[in-house]
Amino acid sequence: MEQVANVIVDVPAMQTNQPYSYLIPAPLKHTVELGMRVAVPFGRGNRMIQGFVVGFSEVDPTAQENVQLKMIKAVLDLKPVLNQELISLSAWLAHQAYAFQITVLQAMLPSMFRAKYKKYLRPIDEINDPEIQQLFAGRELIEYDETQFTPEQVSKLTKLQREGCLEFYYEVNNQAKAKTRLGIKSLLDFEQLEEARSGLTKAAHKQSGLLSLLQTLAPEQVVAKEQILATYDISEAVITTGAKKGWLAKVPMEIYRDPMANYDIKPSQALTLQPDQQAALTAINDAAGQAETFLLEGVTGSGKTEVYLQAMQHTLAQGRTALMLVPEIALTPQMMVRVRSRFGQQVAVLHSGLSVGERYDEWRRIERGEAKVVVGARSAVFAPLDNIGLIIMDEEHETTYKQEENPRYHARDVAMWRSQYYQAPIVLGSATPSLESRARAQKGVYQLLRMPKRINQQVMPAVEIVDMREEIKKGPESTFSEALLTALKARLARGEQSVLMLNRRGFSSFMMCRDCGYVLQCPNCDIGLTLHMDTHSMKCHYCGHEEGIPKMCPNCQSTAIRYYGTGTQKVEQELHELLPEARILRMDLDTTRKKGAHENMLTAFGAHEADILLGTQMIAKGLDFPLVTLVGVLNADTALGLPDFHAAERTFQLLTQVAGRAGRAELPGEVYVQTYNPDHYAIQLAKAHDYEQFYQQEMQLRHLAKYPPYFFTIKLQGSDLDERTAAQNMSQIGRWLKKRLPADTIFLGPTPRSIARINQRYYYQIVIKYRHQNELDQVLNELLERAQSVGRNAFQLSIDREPVSFM
Ligand SMILES: Nc1ncnc2c1ncn2[C@@H]1O[C@H](COP(=O)(O)OP(=O)(O)OP(=O)(O)O)[C@@H](O)[C@H]1O
Ligand SMILES: [Zn+2]
Ligand SMILES: [Zn+2]
C-alpha cells in the first residue's frame, strides 16, 4: 500500500468537487502536509497546475486503476496555508453556495497566494521553419504569450506542437513574498565577549559600545540593523568591522507591513456600562463555550461597539480568539482604531483597502497565532484564526456581506458555521436588523438583546421630512430645500458640523439629447453610460467600457446635449455657490480611490478641518463625530422606485443609519430628509425611529407576496453570446428542475433579465421561492455539475442563494 495525496486542482475548464489522487515522490514524503498547495501535472498535456492537499488515502499502487497515477511535482508552501477546519468549511460552503470547492478555497486566501502560471514553448525535435527558428534564437525555451506573436506564427506554433516538434511547458509561481530587512545577531558567548572587550584599545569606544549592545541580546535574538543605527551611537562602519571580527552575523529578518502604522492610536479603557449594555454583555459572556446566536438590536448611538469590545475582552481573557466583521472599509477605519486602541498589536485588520503585502502579513500574523483579534470586511470571515471564542457581525443587515460573484456566499452563513465548529457565541448587531434575522429572533432561534436608548439619555435626533414636490413650486430647481439650507447656515454660524448624503442607489448621471431624446448607450450592454467628470468620460458600470464625452448627438447630430442626474461633484459645486464660506469634504468613489484617502478624509473631518461632509451611502454608517448635529438626506427615495421587494427595507435602513450620525454626543441632532414620497411608510417610520412598527408592517407585506423571510429564494441566471441559446437552455433547465422540485415551490421564469445584455452576453433568469431551507441543495448542485460547459463563448450558469437583487 502507498499513501497518496487527495488534491483539489485549479482547472477552471473542468471543475468538479472530486479531488484527484497524486503519488508523493520519496523526497517529499515528509514535506507534503494537509492544507498545503502543490504543483501537479494535469491532463493529457501534463500541464502544471496548482492544487490544494485536502486529505490522504492509502492505495495499492499496482492495482489497475492506479498505474496511471501521476506524481506531485513540487510543494508550494513551507507550512500549510489551510487547516482542517478551513478545509471542512470549504467543502460545506461549496455545496451551500453552489460553487466549486476550488473557487471557495481560492476565495479563502489572500490574493497573493494565488499562483501565477507561465506557459513556455520548448522544442523537442528538429524545427525547419526559419521564422520559428528565429523566434527561439538558440534559446532552450521561450515564454508563450499569444499577444506577442502574429496570427501566422501562432498557427505555425500550434501545428508544430501537434506534430510533436514543440511542447508546452508550464511553471507555477508563488506570488507571496515576505518582506525582510537586515537584522543582526550576536555570535559571542559571555567569555568570548569578555575576551573581545579586553582586546580593544582605549580609543575604540565605538566598538566597545557595539559589544555592550551585543551583550544585551539573548542567544539567537535578532535586532533590525536600522533600529540599531537609529537608537545607538553605532555606525554602519562599526557594524561592518564587528562582522569582520566574527562578533556578529547579518541575517535577514522578516518584518510585517502594518496597515495601521500611520494611525495615531491611544490606548483606551473599558467604559462603565449602562444597564442595557451590561445586560447584553452578561448574556453574551454567559454563553461562552456555546454556539448561541444573539441579535443585538440597539438604536444608533446606543453603545453596541462598547459591548462588542468588552465581550471580546472576556473572550481573550479565556485564552480564545475573537472575530469581528464590519460591512465595508468605509466603516472600518474608525472601528479599527477603536479595537486597536483597546487591544493593541493583538489586532489584525483585513479589508480590501490593504495593499497586497499588508494583507499577506496580517494574514500570517493571524495564522501564526500572533494576532488574536481580527477586524475585517466580508472575506475576513475566512481569517485563519484558531480556537475562536466569539464572533461579532456589526451591521448584520448590510448587503455587502453577501458576495455577488462566485462563490456567492453570505458571510453570516459562514460565521454561523464557524460558530458551530468552535462552539462560540455569535453576536449579530444592528439598529435595523434584517427581517430574516429579526424573524428568527421572534421565533426564539436567536436570542434577542435590546438597547432601545442612546448613551447618557441623549435623545434620538429630530427628523424633518421635506416634500420636494412643494419645493419645486417655490422657485428655480435646486438640490437644497430652503429648510435644509437654513439649517446648514445655522451650523456654520455655530461652528458645528453637517453630514450630507446623496443617495446614489438605482441612480446615475447620464447624457441625453434634448432634440431627439437619445441616451448614450454602452455598445456591449443594454444600459446607458454614466458620466464621470473626474476622468471626463462616459463609463459603463457593468463592463468597464469607457469613451469620451460626446459634443454632438450620435443620433441626430444636434449639439443640444444635456447631462442629467445629480452627481456628488455637481452638488459640491452648487454648495460652494450657496455657501461660499463653508469648508466642504466630498467623499465618493472618485475621491476615495487612492489608498488611504478615505481615512485621511475622516481624520480631517474629525479634526474639524471641514464643516460639511458630502458623500454617497458610504458615509451613512458607523461614523461617530461629536460635533455633527445636522444630517441632510438630499434624495431619500431613489431606491423606492426599484423593482425589488427589498426597496422599502433598504430605504428604511439607510435613512435610520444616516440619521443616526447626528447628535451622538452632548449636542442634540437634527435630520432633514428630502423626498418626493413624503408619505411612504419606510420614510415615515424612519422619521419616527420606529423599527418595531416597520418590522411588523413589512412582514405583513412579505407574507402576502410570499417573499422572504416567509419563503427562501434562489436566482438562476444563464448567459450566452447568442440570445436564442441562452433562452432555450434556460427553458430546458426550467423543465428539468420543475420535475424535481417540491409541490409547494413557486417557480418564476425564465425571463430576460432587466438588463438583458451585459458585456455582449445575453442573460435569462429563473427565480425559485421555496419553503424549507436546504431542500433544493441536492438538485441544484446536480444541475450545476451538469450545466458545466467550458470557455467564455459557451453557455454559463450561475445559482445565487438569497440574491441581494432580483434584477
Ligand atoms: N457606557 C458608556 N459610557 C459612556 N460612553 C459610552 C458608553 N458606551 C458607549 N459610549 C459612547 O457613546 C458613543 C456611541 O457608542 P457606539 O458608537 O458604540 O454606538 P453604536 O451603537 O455602535 O452606534 P452606531 O450603530 O450608530 O454605529 C460613542 O462615542 C461611545 O464611545
Ligand atoms: Zn439627438
Ligand atoms: Zn457595458
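Just so we're clear, the structure is a prediction, and the values are computed from it rather than from any experiment.

### Here's the deal with the side chain of serine 186
Thought 1: Of note, serine 186 is situated in strand S10 (residues 179-186).
Thought 2: A polar contact is formed between the side chain of serine 186 and the backbone nitrogen of leucine 188, at a distance of 3.1 Å.
Thought 3: Those residues in contact with serine 186 that lie beyond four places of it in its chain are Leu214, Leu217, Trp247 and Leu248.

### So, the sheet that holds strand S1 (residues 2-9)
Thought 1: In space, the six strands of this open sheet follow the order S5-S2-S1-S4-S3-S6, with mixed pairing throughout. Of all strands in the sheet, those bounded by a partner on one side alone are strand S5 (70-71) and strand S6 (74-75).
Thought 2: In terms of strand pairing, S1 meets strand S2 (residues 20-23) through four bridges, oriented antiparallel. Counterpart to valine 7 in the pairing with S2 is tyrosine 20.

### Observations concerning the site of ligand 1
Thought 1: If you check the shell around ligand 1, you find 19 residues, and the closest are Thr272, Lys304, Thr305, Asp624 and Arg664.
Thought 2: In the environment of ligand 1, a nitrogen atom lies 2.9 Å from a nitrogen or oxygen atom belonging to the side chain of glutamine 277.
Thought 3: Looking at which element gives the most residues to the shell around ligand 1, the answer is helix H10 (residues 304-317), with three residues.
Thought 4: Here the shell around ligand 1 is built from residues that sort into four nonpolar, nine polar and six charged.

### A few points about the sheet that holds strand S15 (residues 347-350)
Whenever strands of a sheet pair, they do so through backbone hydrogen bonds, lying parallel or antiparallel.
Thought 1: Taken together, the seven strands give an open sheet; going across it, the order is S15-S16-S14-S17-S18-S13-S19, and neighbouring strands pair in parallel fashion. Unpaired on one side and paired on the other, S15 and strand S19 (447-451) mark the two borders of the sheet. Recorded for the sheet is a direction-independent mean angle of 15 degrees between the axes of neighbouring strands.
Thought 2: Where strand S13 (residues 293-298) and strand S18 (residues 426-430) come together, five bridges link them in parallel fashion. If you follow leucine 295 over to S18, its bridge partner there is leucine 428.
Thought 3: Of the strands in this sheet, S13, strand S14 (321-325), strand S16 (373-376), strand S17 (388-394), S18 and S19 are in contact with H10, which crosses S17 at around 170 degrees.

Each value, and the rule that gives it
- Residues numbered from 1 in each chain as written.
- Chains lettered and ligands numbered in written order.
- Predicted model: local features only at pLDDT ≥ 70, side-chain atom pairs only at ≥ 80, totals over all residues.
- Heavy atoms only, no water.
- Helix = DSSP H or I, 4+ residues; strand = E, 2+ residues; numbered from the N terminus.
- Polar contact = N/O pair within 3.5 Å; in protein donor to acceptor, adjacent residues only side chain to side chain.
- Contact = heavy atoms within 4.5 Å.
- Pairing = 2+ DSSP bridges.
- Near = heavy atom within 4 Å.
- Nonpolar A, V, L, I, M, F, W, Y, C, P; charged D, E, K, R; others polar.
- Axes fitted to C-alpha atoms, helices over the stretch in contact; angles between N-to-C directions.

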